[in-house]
Structures are given as C-alpha cells and as structure tokens.
Amino acid sequence: MAKGPSPHASPFERPLPREAPRPRETVATLEASRIREVANAGMGLPDVIPFWFGEPDAVTPAFIREAAKAALDAGDTFYHHNLGIAPLRDALSAYLGHAHRPVDRDRIVVTSSGVNALMLAAQAILSPGDRVAAVVPLWPNVTEIPRILGAEVARVPLSLSADRHWTLDLDRLLDAVGTDARAVIVNSPNNPTGWTMPREAMAALLDHCRRHGIWIVSDEAYERLVFDGSFQAPSMLDLAEPEDRLIVANTFSKAWQMTGWRLGWLVVPPSLTADLAKLVEFNTSCAPGFVQQAAVAALRDGEPVVRSFVTALGGRRDALLAGLSRIDRVSAGIPDGAMYAFLRIDGERDSLALAKSLVREARIGLAPGIAFGPEGEGFLRWCFARPIPELDEAVGRLDAYLRRA
C-alpha cells in the first residue's frame, strides 16, 4: 500500500496545494471600483472628456507646491510624530476654531489621506459583528471599510424630492440606528448626490446617539464646497461637545485641490487621541513631513484659493444643470454641496453598461451610479469640477448620443 508523506517531512517534500492562495473571504468578495472600471475603459481613447473621478481639474496652487519643495530642500525626509507635526496641528486647531467651535490640538490626528482617516476611525471603534448604519448612496470606500473589519452595514437611502433636491427621512435613519448600533456614518455634503444634512437633523441624530451611547462618524470632506454663500456646510463640530462619541474625518484633497498629496485629519474625543496614535503607527507610522508643511501653507495662505474655487464650482454646477435640463429623458438632482450632479436617463437601468457606452460612443467619462451602492443603480455621477466649455461640449455629446439611441 502506498504511503502518504510523513507528517514530519520537510515542507519542501510535501505536495503543494492544488488551489492558489486566497485572502480571507471578506476581502476576496470585495468588488473592485466600478468607477475605475469605466475610467480604465476610457483612458487612452482620443477626445474623451473625463468626469469620472472626484477631483479638481486644476494643479495644486503654486504656493503649496513651493512649501513642499522648500521642506524637501531643507532635508525634511525623516519620520515625524504619529499624530502629525505641531505646526500643522496648531494650524488645523486655528482653522477649525474659526470654522466651528474651538478644537484643541490634542483632539487632532493628522492622517495619510481622508480615506486613511476613515479607516483609522473604523479600526478605533468597530469590532466583528458590530452593526453600522449609513446614509446612502455613498462613495463605496466608506461602506466597505466596516465590512473589511467584519461589521454589518444597514443602508438608509436618500430620496429625490419633487423640487429635485435630495432629502433624508430622519425617522428612517433613527430607526435603522436603533438603540444597539455601534456607529452611524454620515457623509455631508454627500458624494455622489451633493445632499447636505441640515443642522436640525444633525442635532436630532446627535441627541439620539448620546442617549444610547452610539458613535457618529462624520465624513466632512466636502464641507467647504457649498453654494449658498456659507463659509461651510453644517458640521457635527458645530454642535458636539469634546467628549461626545463623535469622530470627524476631513481631507486636504478637495477644497485645497490636493488630491494627489494624500493628507487628511481626524477630530476625536481627547480620550481617544493616544489610541489613534497607536493605530497610525501600525498603519503608516506618520504622514510625510514635507506634505504636512505644504498643508501648513495651504491653511495659512489658501483661503482666497478655496473661495475662488467654490465660486467657480457654483458657476460650473449651474451651467451643467442648465444644459442637462434641456435634454429629453435626463433628470438631475440639484446638489447643495460637493462637486457632483447625480442624474438619471429615463429607460436606462444598467448604469455600468451605460457609462461604458458613453465612453465608447460619446467620448464622455461619467461614473456609474451602481458604484455607490444599489441605491445608485440607474444613475450616473458627473463631476463638474471642470471648465464650463468642457461641460457644454459634453452636454452636447450626451444630447447627440441620446438622439441616436
């Protein structure tokens, strides 16, 4: 009778497994970005106008780039404090105190991008089996992060009102949060819809979560990008006390036009800061010093740039919505903030196929709504952070495409 390999045999003598190595099931079942899928289908094609990614069209302002160059020339290529360099945390404290209520430096954690901030927040408070409520549709990273950590996500959808503004059923959200959710995630202004949570709704959510010991994770990446003349959108920081179970995530990517720099921050209760420092150490150790120095310059000198960018975005939003309103079969919600129009074309249900067809046939690059969850199916996201002539050209191409369809 043939004998199998000895259990004491060297690993080099044992037969190799037949199946290829795989990650754990949760990671294996994650879906790749459908936004990237469309972009990959369009990159390299001639004359495609790209609106798929959520980023400004302009290069980061020169004074920010010069600050990074100066830091590099001065030799800033070493490790720094886990929580961020003191000048940047001080600058963020001053900035946040002006925009909201006072925020002490000991509550601020500098992170290696806004999405890294969201991951760190989730790692700090979520365990496998926890339940999280989230307002959707939503940038997929925000809902997939809890899943990666083993938490379950209850989705609470926005709806489009008769006046074409996105609205939230607050009672439905509170029911989904209940008394036993570990956390609730709100992104306002919202990617992809531009919905902005009213202050009164924030206060009601905060009161509910206080009573039941539930965390709020507030993703405020687009807080400066609002079109009603306000300095910023309503924020949980306007209402919460330092010891509330609130974590606010933000980024330099959008308002300061620094997407490629990968720098963000968290505001956390002071009792959480030391634990966040440990998590930063175990994830990235620290953000690059020269990038942090660039952010100091952005906060110190960048307010005119931010205001100019927001003004330009408002004009671009209005131009895009006006153009879309003249096309039969197209309906778009009115975004109160962020840099996106979320639109629907009557009769179209497969947003991924439609987005790929628009790339091939109309040379327009839009993000498929399904990328933002099942609530987004049938929609397309259009980033309007590009010059008005490009928006007008693309609207004309869309009109011509639909006339041929």
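This text follows the structure it describes.
A short tour of the structure in this document, coming up. On a predicted model such as this, the values are computed, not experimentally measured, just so you know.

### Thoughts on the environment of I148
Then, in step 1: You can see I148 is positioned in helix 6 (residues 140-148).
Then, in step 2: For the pair I148 and A94, spaced 54 residues apart in sequence, the C-alpha separation works out to 35 Å.
Then, in step 3: Excluding its chain neighbours within four sequence positions, the residues that come into contact with I148 are R24, T26, L30 and M119.

### Section: the packing of aromatic side chains
Then, in step 1: Scanning the entire structure with this criterion turns up twelve aromatic pairs.
Then, in step 2: With a centroid separation of 5.0 Å and 40 degrees between ring planes, the pair formed by F51 and W382 is classed as tilted. With F51 in the loop between strand 1 (49-50) and helix 3 (62-73) and W382 in strand 15 (residues 379-383), this residue pair connects regions lying 331 residues apart in the sequence. No difference in accessibility class separates F51 from W382, as the two residues are buried.
Then, in step 3: A centroid spacing of 6.1 Å and a plane angle of 90 degrees characterise the contact between F342 and F372, whose relative ring orientation is edge-to-face. One end of the pair, F342, is in strand 12 (residues 340-345); the other, F372, is in the loop between strand 14 (367-368) and strand 15, and 30 residues separate them in sequence. In this pair, the class of F342 matches that of F372, namely buried.
Then, in step 4: A network of ring pairs unites the aromatic residues Y95, F252, W256 and W265 as a single cluster.
Then, in step 5: When the ring centre of F231 is taken as reference, the NZ or CZ atom of R224 above it lies at 3.8 Å.

### Remarks on the sheet that holds strand 2 (residues 108-111)
Then, in step 1: What the seven strands build is an open sheet, ordered 2-10-9-8-7-3-4; its pairing is mixed. Among the strands making up the open sheet, the edge pair consists of strand 2 and strand 4 (152-157). Strand-to-strand twist of the sheet, defined as the mean angle between neighbouring strand axes without regard to direction, takes the value 20 degrees.
Then, in step 2: As paired strands, strand 3 (residues 131-136) and strand 7 (residues 183-187) are joined by three bridges and run parallel to one another. Looking at strand 7, one finds that V132 is bridged to A183.

### Some details on the pattern of salt bridges
Then, in step 1: Tallying each qualifying case throughout the model produces 20 salt bridges.
Then, in step 2: Two residues, E37 and K356, come together in a salt bridge whose shortest N-O distance is 2.6 Å. Of the two residues, E37 sits in helix 2 (residues 34-42) while K356 sits in helix 12 (residues 351-362), which places them 319 residues apart along the sequence.
Then, in step 3: K356 gets classed as partly exposed once you look at its relative accessible area, which sits at 24%.
Then, in step 4: Taking the shortest distance from any N to any O, the salt bridge between E66 and K69 comes out at 3.3 Å. On the criterion of helical spacing, the pair formed by E66 and K69 is a turn pair, its members being three residues apart in helix 3.
Then, in step 5: Relative accessible area serves as the criterion here: at 45%, E66 is assigned to the partly exposed category.
Then, in step 6: Here K69 falls in the partly exposed class, since its relative accessible area comes to 42%.
Then, in step 7: Residues participating in the shared-partner salt-bridge network are R224, E303 and R307.

### Observations concerning helix 9 (residues 273-283)
Then, in step 1: Of the residues making up helix 9, those classed as buried are T273, L276, A277, L279 and V280. Within helix 9, the buried residues cover an arc of 165 degrees as seen down the axis, which keeps them to one side. What points out from helix 9, more than 90 degrees from its buried face, is the exposed set A274 and F282.
Then, in step 2: Where helix 9 is buried, its residues touch helix 4 (86-99), strand 2, helix 5 (114-125) and strand 10 (264-267).
Then, in step 3: Directly beyond the C-terminal end of helix 9, a positive phi value near 75 degrees is found at S285.

### Focus on the sheet that holds strand 12
Picture the strands of a sheet paired through backbone hydrogen bonds; they go either parallel or antiparallel.
Then, in step 1: The four strands are arranged 11-12-15-14 in an open sheet whose pairing can be described as antiparallel. Two strands close off the open sheet at either side, each with one partner strand: strand 11 (330-332) and strand 14.
Then, in step 2: Across five bridges, the pairing between strand 12 and strand 15 is antiparallel. Paired with F342 across the two strands is R381, which belongs to strand 15.

### Describing the packing of helix 12 against helix 13 (residues 388-404)
Then, in step 1: As a packed pair, helix 12 and helix 13 sit with axes 11 Å apart at the nearest point and diverge in direction by 105 degrees. One element, helix 12, and the other, helix 13, form an angle in the roughly perpendicular class. Between helix 12 and helix 13, the contacting residues are L354, S357, L358, E361 and A362 on the first element and R397, L398, Y401 and R404 on the second.
Then, in step 2: In terms of residue class, the contact of helix 12 with helix 13 is built from five nonpolar, one polar and three charged.

### Some points on the side chain of H208
Then, in step 1: Inspection of the secondary structure assignment puts H208 in helix 8 (residues 199-212).
Then, in step 2: Setting aside anything within four residues of it in sequence, one finds H208 in contact with L174, V177, G178 and I214.

Conventions adopted
- Residues numbered from 1 in each chain as written.
- Predicted model: local features only at pLDDT ≥ 70, side-chain atom pairs only at ≥ 80, totals over all residues.
- Heavy atoms only, no water.
- Helix = DSSP H or I, 4+ residues; strand = E, 2+ residues; numbered from the N terminus.
- Contact = heavy atoms within 4.5 Å.
- Phe/Tyr/Trp six-rings, centres within 6.5 Å; stacked < 30°, edge-to-face > 60°.
- Buried < 20%, exposed > 50% of the residue type's maximum accessible area, 1.4 Å probe, protein only.
- Lys NZ or Arg CZ within 6 Å of the ring centre and 35° of its normal.
- Pairing = 2+ DSSP bridges.
- Axes fitted to C-alpha atoms, helices over the stretch in contact; angles between N-to-C directions.
- Salt bridge = Lys/Arg side-chain N within 4 Å of Asp/Glu carboxyl O.
- Arc of directions from axis to C-beta.
- Parallel < 35°, antiparallel > 145°, perpendicular 65-115°, else oblique.
- Nonpolar A, V, L, I, M, F, W, Y, C, P; charged D, E, K, R; others polar.

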